[in-house]
Every structure is written in C-alpha cells, then in structure tokens.
Amino acid sequence: MVNGRFQIQSVFFYFAAQPAWLRYGLALITVIAATTATLYIPLIGERAAFLLFFFGIAQASFWLGLKPGALTAVLSLIAVNAFVLFPTGIELHKILILNAGFCFVSAVMLVTTSFNRQLAEALKESRQNLNHAQSVGKIGSWRMNVQHNQLQWSEQNHRIFGIPPDTPMTYETFLDTVHPEDRDYVDKMWQAALNGEPYDIEHRIVITGQVKWVREKATLEFNKKGKLLGGFGITQDITERKQVELERQKFVSLADNSQEFISMCDMNFTSFYVNAAGMRLVGLDSLEQACRTPVQEFFFPEDQRFIIEEFLPRLPKEQSGNVEIRFRHFKTGAAIWMIYNVFSIKNNQGDQVGFATVSRDISARKRAEEALKMSQDQLRLFVDQAPISIAMFDRDMNYVVTSRRWIDDFGRGYPELIGRNHYDLHTDIPAEWKQIHRKAQAGAFLKNDEDLWIQSDGSQLWLRWAVYPWTNQEGEIGGIIISAENITAYHQAEAAVRASEAFVSNLLNSLPEHVAVLDNHGEVIAVNEPWKRFALENSSKPKDVCIGANYLHVCRQASKVGEPYSGKALAGLEAILAGRQDEFAMEYLCHTSANNRWFLMNAKRMSHDSEGVVITHLDITEHKQAQDELRESEARLALIIEEAKAGCWDWNPLTSELFLSSESKRQIGFEDNLLNRWEEWESRLHPDDRAMVWATAKNYISGHQHNYDLEFRLKHKDGSYRWIHSRGGLLRDQNNRPSRMLGINLDVTDYKMQKEINERRVELEQSFRLHVAVQTAAAIAHELNQPLTAICSYADVATHMLQTGNSNPEKLSQIMGNCSQQAQRAGKVIRQLLTLLQKGETTSEAMDINSSVHKAIEIVKADGLLDVFKIEMNLTADLPPVMANALQVQKVLINLVRNGLESMQVEGKDAGILTVTTRPFDVDPAMVLVSVCDSGVGVTDTAALKKIFQPFYTTKTTGLGMGLAISRALIEAHGGKLWAEQNADIGISIHFTLPFEK
C-alpha cells in the first residue's frame, strides 16, 4: 500500500513538472472526451449529463493543477450549454439555474483539489526536511532484543562505531567497542536501565585505535503483558563537542576577567561556556542556565531570524564573521546593541570543533547615533525649505523624486518632473556630465565641493554637488541621486566604531582593545598585538610598556612629570592589587604622535586562583567626537531658528500632542500658558480657515498632497487675528507610517497689511487719474463749446452768401475774420487749461536722471508686471545734472515704462525684456537722451506713430489716451522733445531729451 501511495505521488509530481502547454492540452482533451462520451453514450447523456464533466474537472484539477482545472471547468460549461442544454429546448431560466449550479460545484471541486495538492506538496517538503535533518544531525538509532541478544543498528550507527553494516551485532559485540576504562560503567548503566532506571550516558569508544565520544539514550519496550522485549535508543557522536570542551580550558581564565561577552559553542551551536561578564550583561544567573538557553534566544526577537537563517549557517564554511546586532536582557527584555564577533575553534590536528564569540556592548554608541540621526532628520526637514536641489533617477535617467528647489533651478519651466527623462529635458547637457552619470551608475561616488554651474537662463551658480548610486531592496543599483547645495554647507560627522579583529589563534591577540596583563607586583606579563602596535607608534621607549616592564613604575614616572591622568590610573591599580576593590575604570586623553585620542581604561582583578590585573584600553575618540558634533549641530539649528524668528511646531497625529516653541506662542501673544494640545491650537483658528487647514493636513499625511505650505489666521491673545505662513514636513516610523509632523510658522500679518495698502493706493491713484481726466475733458468741452458754436454760425453765413450770389467782399472778409478770432480763442482756452493743470509743478532744479530712472522702476514694481518681465538698464555713468522738475520727469518715466510693459502683456508673452537707456544726445551734446524700448505689439505704420501723441488717442481697451499727450507737454515745458520710433524687429522705442545744467 505504501508503494502504491508513492507511485501515485510520483505521477502527481511528474505531471506538475510538465510544461504549461502540455497540461493545458490535456485539459482540452479531457473536455473533448467528456463531451464525446456524453453525446454518444445514451445512458450517460440521458441520466447523468454532467457526470463526466465533473469527473474531468476533478481529475484535471488534481493531476494538472489549479489553472488547467479552471480551464477545464470553463470549457466544460461551454460544452454543456452548447451540446446538452440548448439542444434540449429547456427554458432559459432553468438553463441559468443549471449553469449556476454547475459553476458552484465546479468551484467547490477546484478549491478542494487545490487544497489536496497543497497538502501533498507540503508533505513532500516535510519528508525532505526530515531526511536532511537526520543526515545533518549525525545521530544513529538502534534496537536491542533482550530475549535473543540481538542488536540492530541503523546505517548511521554503523558509521559512528566503524563496524560494517553486515556484521552480526550482540550486546557483547557492542561492549567490545567501548573504551576499556568506560566498559564497566556502560554495562552497569545498561543493567540499571533494564531494572527501570533511565539510560542516558556519555562514554568513549575505540575505532581502529582512535578514541571517540558518544552519547547514548534509550527507552525500554514491553509487550501488552508487561514483559520486557528490549530497548530502542539513539547514538550521537559528540567527539567534536568534547574536544571543544577541552579547548575552552585554554583561555577560560582570561575570558572570565574580560569585560566583553565571551562564549563558546560546539559545531551544532550548543553553548557550553559563557563568561561572567557576558552573563551579567544579558541577565543570566548561572553558567548552567546559559548553557541550557538556545543560541537564538540570546538575541532580540526581531533579529533571531537573521541569526538562525542567514548568519550562523555561513560560519562553518567561512569560519569567522561579525555583525552589529541586538542581544536581549533575559530579566528586563531590553535590547542590547552588540558587535557580535565569531571565530572558529580548532583542535590540535587543525580540525574545526566549535566556535567562540567575543561581543562588545555598543549600546551607548547606538544611542549617540540614534540621537544624531534624529537631529539629522529634523535638520533635513528644515534644509528642504532652504535653497537645496536634489533629484533621484532610475537607470534610464528618468526622474523618480525631485525637491522643490530642483524644479525651480533645473526644471526648465515644468511644474512636475516625475517620469520625465533628464536628457530629453536637458538636450544641451555636456558630455562630461553624461560620463559622470555612467560612472555613478557603475557604483562610483563622485562629488565636487566647488563647481561652476551655468543655468539655462545664462546665470551662474557655484555649487557643491554629489552624484552617487542608490540600491534597491535586492542590493542592486537602481539609479543615481544628484544633489546640489550652496557653498555654505554644513558638516556632519558620523560616529562609527570599527569591528573587532576576528579571533585567530588565541583570545588576547583577537581582542580589539589594547590589553595587558599585570602580575601581583604590576609587572607586564602579557600584551596583545594592538597594545604592541600602539606602543611602537606612540612611545619613545616601547619596551617600557611591553612584557617585562613594570606598569606601576611607568605610571609613577608619568605622574611626576605632570601627566594629569597617570596619578588616577596609579591609584586605581594599586587599590585593585591591594584588594581594596575588584575593578576600576576611567576616561583619559592621550597625546599621541599623530593627534589626541580619548581612551576608556578598564582594570579588573583576575580570578580562578590567578593573581594579577587585566587592563584594557578602548579608543572612544569617535564616540566623543560624535557627542561634540551632535551638540554643535543642535546649537546651529537652534541659532538658525532664532535668527529667522520662525516658530517651530511638532505634532503627533496619533496622540494629538502638539509642541509649540516660544516663538510660536509669542506670535499669538502667549508665553508659556498655552496648552500643547491640537484642540487648543485648533480652537484659535479663524472659523473660515479651520476646514481648509484640517483638509490640507489630512491630504498631506495621506500622500494626496506633495507639500504642506499654507497661510491661515490665528486668534491673538488680544482678540485680533494674525496671518501665519506655515510650512512643514512628515516623519515616518520604521513601517513607513506617519508618526510626526514638524514645521515652522512665520507671522506674515505686516506683509499682508502692506500688500493690501499698496493695492488700495493703486486703486485710488487710478480712480483719481480717471476723475482728473473726466474733469479735464468736461472743462475742455465746456470752454470750447462757445467758440466752436460761433465758428459754425459764421461759416453758415458765409456759405449762404456764396450760395445766394451775394458777393460782398467786405462783409465776407469780416465774417472770416470773426471765425479766425474764435479759433484763436479756442486755442487760448486749451493753453490756459494746460497752464492750470501744470500750475505749481514747473519748478526746475538740478537732478540726477539715472536716480530718477531707478526710482520710477521701483514704483512700477508694485504693479506686479515685473514678476513676469525683466527690465534692463543701460545707464551711462557720471552724466551731468539735468535741469527739470524731478517729480514730473518721474511721472513721464513711469508712464512710458508702464505703457511698454502693458504692450508686452497684450502680446501674450510670459517673458520679455524692456530696456531703459540714458546717454548724451548725439545731435545736441548739451542734452541727455532717455530711451524706453519694449518688445510689445508695436504699431502698424509710421503714421500711427504720430497719432499716439494726440489727446484721447489710445490702442488699449482701457484708458483715455491722455498719457503720452501730457508726457510730451511736460517734456516740452522743460525745453526738451519727445518722439517715438518703430524697432527693427518688434515693439517701439520712446525717446525724450532734457537739457543738462548750464
């Protein structure tokens, strides 16, 4: 029956290994066979039309797999409808019911057979794992028939004892293989086992002159009547473990005096030694408890899978390794960061018999690194708001991630770059940059601390850039990252501790610290290689601190010459040697030949009947530097925030806890009596802004909004509302879930008020100009009405006289003279009105024409047109002063510049240049020539250039057409001229002259 089951499983896995086309073809053949049998075997077609189809679905699903089974079900449903149901003329609703039932039964069969396939595959995998475990474990089994004195051994048991498998085995044969010194002990324990005692012993066996250690364990077997039949047991080769136990005695004494975690295990990673310092570190009370504890339980739960499945399996082949990983404290459950160093232990024959580990507690360093990382994350959020450009590309140089600054600096006007190709966007990129990209994609890290970058608009920018690859989760290079920063860069320091050197031949030479052993008189009796190297490199007399030297004498001599730390070290060592204390530690600064280094000195009395002291010196310079640089980084960040008068906030969306800095509270009139809760802060939001602020925060946290940048109003302590500009960033936890939001608040109330005042000023000026123009037009119309009416009447009389033949020359001459008088009167009226308009503003004085140009452009900036267009000023330096009214000249310049910018805006341009030029007039050197050249719509012909200075003539949809007429009148009133010229390409240029001071 077992063989039949194995044959079925063989067929099952044979079909599973076949190509997809063959399995799908067999599924199709199954449907064809079921259809043929149903159509041509009446008994099946009439009484069980669905039977063969269900049978085919079940067989295909089981033998061929889920997908071929699903194909069989779909084809069967089509065949049933096409050849069975529709030809019989069954009503449609019944066909639908039968189809639903067919689909349900098919689905159940697919799910059931799929589950059975999964069980079969799991059983196969389990059997393979069991066979592998038996092979790896090297454990043999045996069965003893007490009544017939027959002993049956497994093949592994024969290999352990070195006896051929076909050798007849008895209890006496087994005893002959036992070491003579252990034979009586083994026989005694077996006889005791036959009387009900447990049989679990370790003893030696002799195989061709070689001694091996084995462990045997057995249970007795009885029949139903309680009669002893024999025993079943196992034999395990523990020779390697025994050899490791012997090896560990060579350095246990020194290990027990070390401050590191030191342990040893056999080739199966079963611990048999942990030093006292190691047990204290992880909270174990005894060596027995440590040896009972599986190796994986020494590690933090989240790290156990990596140790068991990845790190430890590599050791038998690589013989050594190290990794930074977390141990766990058995009493508190706390994580302990360690540098886990493992190296192989070999016997006298050079065979590998186990492993030893020396692990150092680096929790303090990790805490410093974590604090530095948090500070870096916070600083990175603020840097994101500062001028910095960074972009991430895939291997085809398509944008993956960009910062806002990158888009502003290198985006070529595109609001979003994700998905675009960098080379398509920057077609003019130099070949040297493409070469840099290729090197980075090959794994190189490239940077330049000072590089000149010419932007697309021609402007130059000095950058510090870096180009380096990024890797995906599989460790492969997925693309490159390019970052560009201002020259005023900050320095970040990383604190790292180099891994300890692997154990090579003995414990002392493998420890990374400078280690020395002193006898009871202070004489150096042993040092490790790091101690020797340090002494050779930094001591003028290395022999004074190496083997044979008296370390206490060295400390006394150094103390006499003023070494500040030698006296403290001497006192600690003398106290240990005198028995007043067991250990001593201190930090000290060492002046080496290269630089100054910080060290941590540990001294401890040796145990296990050994007299003396073990001294270790650990270099903690980088740890000290990391602490200093962390404090410096935090101080710089605080100074930046204080100088910018930015209020900081830190909000936890999960707990609604909100931290507000003192500046954030001062912005709304509070000191420290404002509660740090989201609800308190939210209640101070303006009712009209509350929904918007909450929606923006939710969208940003959920990822629907790329940045958090908004303005809102907060209620001040005095009841008023202050405008706040807030920008923030999101921090995520290890699972990429939002955990905190950090940002800054800027009080922009004054800016808002000033902007509103400027808008009102512009509106009032426009209204006033319109009112003046209307009043001027009304005054002109009123004053001109009478003379024009008189002229019209005289003209009618003259026309009538000529038409009636009344040729009275005198009367006709008198009428025409009256017309001339009325025309002169009209001109006088206009001159009087212009004089009235210019009254009080015609006082001339010496003025700087270039200064007037600058002031006029500053006023134009308030219109907002300069946000799109650019003004270039070509002003000749050291021009003589001009005689004119400065206010009126500024009005003329403002009018000309605004006309030019509005003309360019009408053209529909989103960029352009307007040029203002001042220089001596070539025709008359006593005059200055001022030109305003635009690139707007211009005019159609030269005739139009003359019309633009006529009153009430305009080409704009708004305005009265008086600006250029008034400007010409003002310039001419100062003795100058104003005219227009068509540009060679587009737009027009307006020129005017003014006299220099005589």
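Keep in mind it's a predicted model, so treat the numbers as computed, not measured. (Residues numbered from 1 in each chain as written. Predicted model: local features only at pLDDT ≥ 70, side-chain atom pairs only at ≥ 80, totals over all residues. Heavy atoms only, no water.)

Chemist: Quick one: what's the story with the overall build of the protein, residue by residue and with numbers?
Modeler: Per the secondary structure count, the protein includes 32 helices and 32 strands. Expressed as a percentage of the 998 residues in the protein, the buried residues total 39%. Summarising the internal contacts of the protein: among those between residues at least 6 apart in sequence, 52% fall at separations of at least 24. Summing over all exposed atoms, the protein offers an accessible surface of approximately 56,900 Å²; the carbon and sulfur share of this is 54%. (Helix = DSSP H or I, 4+ residues; strand = E, 2+ residues; numbered from the N terminus. Buried < 20%, exposed > 50% of the residue type's maximum accessible area, 1.4 Å probe, protein only. Contact = heavy atoms within 4.5 Å. Areas by Shrake-Rupley, 256 points an atom, 1.4 Å probe, with all protein chains shown as cover.)

Chemist: Run through the side chain of Asn-745, naming residues and quoting values.
Modeler: With respect to the secondary-structure elements, Asn-745 resides in strand 25 (residues 738–747). Looking at Asn-745, its side chain comes within polar contact range of the side chain of Trp-649, at 3.1 Å. In terms of polar contacts, Asn-745 uses its side chain to reach the side chain of Ser-726, at 2.9 Å. (Polar contact = N/O pair within 3.5 Å; in protein donor to acceptor, adjacent residues only side chain to side chain.)

Chemist: Go over the nonpolar core, please, and point to the residues and values.
Modeler: Soluble globular proteins tend to pack their nonpolar side chains together in the buried interior. Counting 37 residues, the largest nonpolar core has Ile-849, Val-882, Val-897, Leu-914, Phe-992 and Leu-994 as the members making the most contacts within it. Those elements that place two or more of their residues in this core are helix 29 (849–861), strand 28 (882–884), helix 30 (886–906), strand 29 (913–920), strand 30 (927–933), helix 32 (963–973), strand 31 (978–982) and strand 32 (988–995). The element contributing the most residues to this core is helix 30, with eight residues. Dropping the residues within four chain positions of it, Ile-849 is found in contact with Leu-879, Val-882, Val-889, Val-928 and Val-930. Counting 24 residues, the second largest nonpolar core, distinct from the first, contains Phe-269, Val-274, Val-282 and Val-295. (Core = buried A, V, L, I, M, F, W, Y, C linked by side-chain atoms within 4.5 Å.)

Chemist: Give a description of the pattern of salt bridges that names residues and reports values.
Modeler: For the structure shown, the criterion picks out 23 salt bridges. Between Glu-324 and Lys-366 there is a salt bridge; the shortest N-O distance is 2.9 Å. Of this pair, Glu-324 sits in strand 8 (residues 320–328) while Lys-366 sits in helix 15 (residues 363–385), and the two are 42 residues apart along the sequence. For Glu-324, a relative accessible area of 32% corresponds to the partly exposed category. Owing to a relative accessible area of 17%, Lys-366 belongs among the buried residues under this scheme. A salt bridge links Asp-733 to Arg-737, with the nearest nitrogen and oxygen atoms 3.3 Å apart. With a relative accessible area of 30%, Asp-733 lands in the partly exposed category. (Salt bridge = Lys/Arg side-chain N within 4 Å of Asp/Glu carboxyl O.)

Chemist: How would you summarise the sheet that holds strand 10 (residues 352–361) if you had to cite specific residues and measurements?
Modeler: Reading across from one edge, 7-6-10-9-8 is the order of the five strands in this open sheet, with antiparallel pairing throughout. Lying at the two open borders of the sheet, with one neighbouring strand each, are strand 7 (271–274) and strand 8. For this sheet, the mean angle separating the axes of adjacent strands, direction not counted, is 25°. As paired strands, strand 9 (residues 335–346) and strand 10 are joined by nine bridges and run antiparallel to one another. Bridging from a neighbouring strand, Ile-345 pairs with Gly-354 of strand 10. With respect to the sheet, helix 14 (residues 301–318) is in contact with strand 8, strand 9 and strand 10, its orientation differing from that of strand 8 by roughly 160°. (Pairing = 2+ DSSP bridges. Axes fitted to C-alpha atoms, helices over the stretch in contact; angles between N-to-C directions.)

Chemist: Any chance you could break down unusual backbone geometry for me, citing the residues and the numbers?
Modeler: Positive phi, close to 45°, is recorded for Thr-208, a residue that is not glycine. On the secondary structure map, Thr-208 appears in the loop between strand 3 (199–207) and strand 4 (210–222). For Phe-269, which is not glycine, the phi dihedral falls at a positive 60°.

Chemist: Requested: an account of the environment of Ile-234, with residues and values cited.
Modeler: Among the structural elements, Ile-234 can be located in strand 5 (residues 228–237). The exposure class assigned to Ile-234 is partly exposed, which follows from its relative accessible area of 32%. Excluding its chain neighbours within four sequence positions, the residues that come into contact with Ile-234 are Ile-139, Gly-140, Ser-141, Trp-142, Arg-215, Glu-216 and Lys-217.

Chemist: Residue-level account of the packing of aromatic side chains, with values.
Modeler: Enumeration according to the criterion identifies 24 aromatic pairs in this entry. Ring geometry for Phe-261 against Phe-298: centres 6.1 Å apart, planes inclined by 70°, an arrangement best described as edge-to-face. Of this pair, Phe-261 sits in strand 6 (residues 261–266) while Phe-298 sits in the loop between helix 13 (287–292) and helix 14, and the two are 37 residues apart along the sequence. Taken individually, Phe-261 and Phe-298 each receive the classification buried, so the pair is uniform in this respect. Measuring from ring centre to ring centre gives 5.7 Å for Phe-311 and Tyr-340, while their planes differ by 50°; the resulting arrangement is tilted. (Phe/Tyr/Trp six-rings, centres within 6.5 Å; stacked < 30°, edge-to-face > 60°.)

Chemist: With reference to specific residues and values, describe the packing of helix 2 (residues 20–40) against helix 4 (residues 51–64).
Modeler: Their axes nearest at 9 Å, the elements helix 2 and helix 4 cross at an angle of 165°. The pairing of helix 2 with helix 4 is recorded here as roughly antiparallel in orientation. Crossing geometry of helix 2 relative to helix 4 is assigned as right-handed. When helix 2 is examined against helix 4, the residues Arg-23, Leu-26, Ala-27, Thr-30, Val-31, Ala-34, Thr-35, Ala-37 and Thr-38 are found in contact with a partner set consisting of Leu-52, Phe-53, Gly-56 and Leu-64. Of the residues contributing to the contact of helix 2 with helix 4, the split by class is eight nonpolar, four polar and one charged. (Parallel < 35°, antiparallel > 145°, perpendicular 65-115°, else oblique. Left-handed = near helix turned anticlockwise from the far one by under 90°. Nonpolar A, V, L, I, M, F, W, Y, C, P; charged D, E, K, R; others polar.)

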